[in-house]
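Now for the letters of each chain:
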Amino acid sequence: MSYYFAIVGTRDSPIYEAAIGNPLKDDGKHLHQFVLHAALDFVDDIMWTTPNMYLRVVDKFNDWFVSAFVSAGNVRFMLLHDSKNEDGIRNFFTDVHELYIKSLMNPFYEVNDPIDNPAFDLKVRTIARRFL
């Protein structure tokens with residue numbers, strides 16, 4: 001299984017990115033970024049039609065699926081994956097959202113700044129191992 005996870009800020013720029021598991025097939029990081037960025041339009045459309053934060057699969061590209069989760073502050077959590085695991089992905093998003101909220105409570109962090117904290121990265125990867 002392979003995953004590419006990104007947290008996209010309110011200005012449509014990625015504030016955190018991680019390739020989790022085996023590398024995804026095909027080109028590489030730039031293609032994964034492109035697929036997630038292309039799915040942002042679908043996320044923006046769907047988030048206004050449902051009261052849920054977890055939007056499930058919002059787009060499909062070849063054999064890849066894009067799942068999304070939107071926070072109350074319109075920060076989008078997006079996961080590019082090659083297999084469906086709805087419950088695991090929902091739990092992954094919920095725990096990473098909680099971790100993101102904890103980092104927001106840091107008085108030195110400003111919204112939309114890149115998250116380059118190694119402890120945050122390690123915790124995201126640990127959550128991914130548990131649920132994905």
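Residues numbered from 1 in each chain as written. Predicted model: local features only at pLDDT ≥ 70, side-chain atom pairs only at ≥ 80, totals over all residues. Heavy atoms only, no water.

Within an unreviewed UniProt entry, the label attached to the chain reads Trafficking protein particle complex subunit 2, and the organism entered is Allomyces macrogynus.

### Notes on the side chain of His97
Position of His97 among the secondary structure elements: in helix α2 (residues 86–104). By relative accessible area, which is 15% here, His97 ends up buried. Beyond its immediate stretch of four places on either side in the chain, His97 contacts Met53, Phe69, Ser71 and Phe77. (Helix = DSSP H or I, 4+ residues; strand = E, 2+ residues; numbered from the N terminus. Buried < 20%, exposed > 50% of the residue type's maximum accessible area, 1.4 Å probe, protein only. Contact = heavy atoms within 4.5 Å.)

### Considerations on the pattern of salt bridges
Under the defined criterion, the tally for this structure stands at five salt bridges. Of the charged contacts, one joins Lys102 and Glu98 as a salt bridge, the two residues approaching to 3.7 Å between their closest N and O atoms. Of the two residues, Lys102 and Glu98 both sit in helix α2, four residues apart, roughly one turn of that helix. The partly exposed category is assigned to Glu98, whose relative accessible area is 43%. Here Asp121 and Arg125 are joined by a salt bridge, their closest N and O atoms 3.1 Å apart. Here Arg125 and Asp121 lie together in helix α3 (residues 118–131), a separation of four residues that amounts to about one turn. Residue Asp121 is classed as partly exposed on the basis of its relative accessible area of 23%. (Salt bridge = Lys/Arg side-chain N within 4 Å of Asp/Glu carboxyl O.)

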